[in-house]
Amino acid sequence: MMRIVILTGAGISAESGLGTFRDKDGLWTKYDLEDVATPQGFAHNPRLVHDFYNARRANCLAALPNDAHHALARLEAEFPGDVVIITQNIDNLHERAGNHRVWHMHGELLRALCASCGHRWNAPAIMTPQDPCPACHALATRPDVVWFGEMPHMMDDIQQALYEADLFVSIGTSGTVYPAAGFVRIASAGGAQTLEINLETTGSVFDETRQGEAGKQVPAWVDEVLRQA
Ligand code: NAD
Ligand code: ZN
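Described in the following lines is the structure provided in the data block. Note that this is a predicted model, so its numbers are computed, not measured.

1. Focus on the side chain of His 104
Its place among the elements puts His 104 in strand S3 (residues 102-104). Only 2.9 Å separates the side chain of His 104 from the backbone oxygen of Asn 89, close enough to count as a polar contact. Contact partners of His 104, with chain neighbours within four places excluded, come to Thr 87, Asn 89, Ile 90, Asp 91, Glu 95 and His 153.

Here it is, written out as structure tokens:
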């Protein structure tokens, strides 16, 4: 059975209107990364951090999956082998397109986490520093997202999937944020073919690179894979 492992980044959601890190007028440029995406930033100003993720949550709920997300859902449904998506995105567009095997290594915008007891629950539209944890009642509610300096989720499963992959495909990620940036090397060392689909070339070590918008390139690639399957 052939195993396909797909890594997605902010670029796959760009055509849905959710900005990438480097978008000129995106949400990220109005805030300092250190302020909104580190545990230190949250300790210093939890209100600002909640406001930032509240805004991103609203954007996410207003956005729709694009042709790239839909194509990956078709791949999971129709490919006779194994398909798993590892995403750095905290939006839920893969799930809303219909994918079932989605591993959120950087957490999820729509989930809340208690920093005190580790309990997780569905995030309300607006989170505040005054929200008590439903389990332990501590005032330590935070977005269930992985910040810089924190350990990404599911690393053991990811490692295993990368080693077992026959084909590794990276879509819409700049390859600048580790550990995800190193996945191509792990997959390659395990014997996988590697393909990058991105608007720009990232200079990483892929067997093949397809340059262009995910909304065009991903459906074309999925068509090819399903035709050959
Ligand atoms: P990034 O912003 O560093 O890189 C995005 C890449 O996508 C760039 O290389 C860009 O050229 C490419 N791109 C832009 N538009 C594209 C399109 N239409 N089609 C194909 N490629 C396109 O994003 P990253 O690599 O995911 O950065 C990692 C961090 O950014 C992660 O921690 C992630 O959680 C966070 N992030 C997530 C979201 C989201 O959840 N939607 C949005 C912004 C940032
Ligand atoms: Zn708690």
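There's more to say after this.
2. Topic: the layout of surface pockets
In this structure, the largest pocket spans a volume of roughly 1100 Å³. Around the largest pocket sit 48 residues that line it, and Gly 9, Ala 10, Gly 11, Thr 20 and Phe 21 are the ones nearest its centre. Going through the elements one at a time, helix H1 (11-14), helix H2 (27-30), helix H5 (46-62) and strand S8 (193-198) are the ones with two or more residues in the lining of the largest pocket. Take the lining of the largest pocket: its biggest share by element is 4 residues, from H5. Each residue belonging to the lining of the largest pocket can be placed in one class, and the counts come to 23 nonpolar, 17 polar and 8 charged. Among the domains, domain 1 (1-17 + 65-106 + 152-229) and domain 2 (19-62 + 108-145) are the pair contributing at least three residues each to the lining of the largest pocket.

3. Some points on the coordination of the zinc ion (ligand 2)
In the first shell of the zinc ion (ligand 2), the protein supplies Cys 114 (SG), Cys 117 (SG), Cys 133 (SG) and Cys 136 (SG), at 2.3 to 2.4 Å from the metal. Considered as a linear motif, the donors of the zinc ion (ligand 2) on their single chain read C-x2-C-x15-C-x2-C. For Cys 114, a relative accessible area of 2% puts it in the buried group.

4. A word on the nonpolar core
Grouped together as the largest cluster of nonpolar side chains are 21 residues, with contacts concentrated most on Ile 6, Leu 75 and Trp 221. Broken down by secondary-structure element, the contributors of at least two residues to this core are strand S1 (3-8), helix H6 (67-78), strand S2 (82-87), strand S7 (167-171), S8 and helix H10 (214-228). Counting residues in hydrophobic clusters, the runner-up holds 19 residues, among them Trp 103, Met 105, Ile 158 and Ala 180.

5. Observations concerning the packing of aromatic side chains
Any pair of aromatic rings gets described here by the distance separating the centres and the angle formed by the planes. Applying the stated criterion across every chain, the model contains 6 aromatic pairs. With 5.2 Å between their ring centres and 40° between their planes, Phe 42 and Trp 147 make a pair best called tilted. Of this pair, Phe 42 sits in helix H4 (residues 39-44) while Trp 147 sits in the loop between strand S6 (141-145) and helix H8 (155-164), and the two are 105 residues apart along the sequence. You can call Phe 42 buried: its relative accessible area is 14%. Aromatic ring contacts, followed pair by pair, group Tyr 31, Phe 42, Phe 52, Tyr 53 and Trp 147 into a single cluster. Seen from the ring of Trp 147, Arg 142 lies directly overhead, with NZ or CZ sitting 3.9 Å from the centre.

Conventions adopted
Residues numbered from 1 in each chain as written. Chains lettered and ligands numbered in written order. Predicted model: local features only at pLDDT ≥ 70, side-chain atom pairs only at ≥ 80, totals over all residues. Heavy atoms only, no water. Helix = DSSP H or I, 4+ residues; strand = E, 2+ residues; numbered from the N terminus. Polar contact = N/O pair within 3.5 Å; in protein donor to acceptor, adjacent residues only side chain to side chain. Contact = heavy atoms within 4.5 Å. 1 Å grid on protein atoms, 1.4 Å probe; cavity = no way out; pocket = protein on both sides within 12 Å on 5 of 7 lines; lining within 4 Å. Points joined across faces, edges and corners; volume = space filled by probe spheres on them. Nonpolar A, V, L, I, M, F, W, Y, C, P; charged D, E, K, R; others polar. Domains from an automatic or database assignment. Donors = N, O, S within 2.8 Å, 3.2 Å for Na, K, Ca; no water. Buried < 20%, exposed > 50% of the residue type's maximum accessible area, 1.4 Å probe, protein only. Core = buried A, V, L, I, M, F, W, Y, C linked by side-chain atoms within 4.5 Å. Phe/Tyr/Trp six-rings, centres within 6.5 Å; stacked < 30°, edge-to-face > 60°. Lys NZ or Arg CZ within 6 Å of the ring centre and 35° of its normal.

Keep in mind that these numbers describe shape and distance, not what the molecule does.
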